[in-house]
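Here is what each chain is made of, one letter per residue.
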Amino acid sequence: MYTMVCTRPDIAHAVSTMTRFMSNPERPHWEAVKWILRYLRGSTNIKLCFGSSEPVLVAYTDADMAGDVDNRKSISGYLITYAGGAVSWQSKLQKYVALSTWKLNL
């Protein structure tokens, strides 16, 4: 969790999914945790960098429709960057089951 929160937003979704099974992990959950650790070991050159671009604040957001196969709830998330570096991010399971979607065409 510390690695995800402080330095590696790229593993936020995988870690948040695994934390749902912390009270009673089974073999597939341990295999997924090992996959996350192998990914971290193989991507040690990835890091947060600041000041590599213009000082611009940019926000990204995304959501899916009933992406959690266990309870059909949607997952939403966002990423906010400043000067090319991530400053805030979140991926979370929504509280309610979505019954429809809405699309905005810009």
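Please refer to the structure placed before this passage.
What counts and what doesn't
- Residues numbered from 1 in each chain as written.
- Predicted model: local features only at pLDDT ≥ 70, side-chain atom pairs only at ≥ 80, totals over all residues.
- Heavy atoms only, no water.
- Phe/Tyr/Trp six-rings, centres within 6.5 Å; stacked < 30°, edge-to-face > 60°.
- Helix = DSSP H or I, 4+ residues; strand = E, 2+ residues; numbered from the N terminus.
- Buried < 20%, exposed > 50% of the residue type's maximum accessible area, 1.4 Å probe, protein only.
- Pairing = 2+ DSSP bridges.
- Polar contact = N/O pair within 3.5 Å; in protein donor to acceptor, adjacent residues only side chain to side chain.
- Axes fitted to C-alpha atoms, helices over the stretch in contact; angles between N-to-C directions.

Q: Looking at this structure, how should I read the packing of aromatic side chains?
A: In this description, a pair of aromatic rings is defined by centroid distance and the angle of the planes. Evaluation of the coordinates by the stated rule reveals one aromatic pair. Relative to tyrosine 39, the ring of tryptophan 35 has its centre 6.0 Å away and its plane inclined at 15°; by these criteria the two rings are stacked. Linking tryptophan 35 with tyrosine 39, this pair stays in helix α3 (residues 27–42), spanning four residues, or about one helical turn. Judged by relative accessible area, tyrosine 39 falls into the partly exposed class, the value being 29%.

Q: Please clarify how the pairing of strand β2 (residues 75–82) should be interpreted in this entry.
A: Side-chain positions along a regular strand alternate between the two faces of the sheet. In terms of strand pairing, strand β1 (residues 57–63) meets β2 through seven bridges, oriented antiparallel. Residue pairing for β2: leucine 57 is matched across the bridge by tyrosine 82. With eight bridges connecting them, β2 and strand β3 (residues 85–93) associate as antiparallel partners. In the strand pairing of β3, threonine 81 is matched with alanine 86. The antiparallel pairing of β2 with β3 creates a hairpin that spans two residues between the two strands, and alanine 83 there sits at a positive phi of about 55°.

Q: Please clarify how the side chain of serine 74 should be interpreted in this entry.
A: Here serine 74 shows up in the loop between β1 and β2. Reaching out from serine 74, the side chain makes a polar contact with the backbone oxygen of aspartate 64 at a distance of 3.1 Å.

Q: I would appreciate a short explanation of the sheet that holds β1 in the present structure.
A: Paired through their backbone hydrogen bonds, the strands of a sheet run either parallel or antiparallel. The antiparallel open sheet is built from three strands, whose spatial order is β1-β2-β3. Across the chains shown, the open sheet's two edge strands, defined by having one partner strand only, are β1 and β3. Ignoring which end each strand starts from, the neighbouring axes of this sheet average 10° apart.

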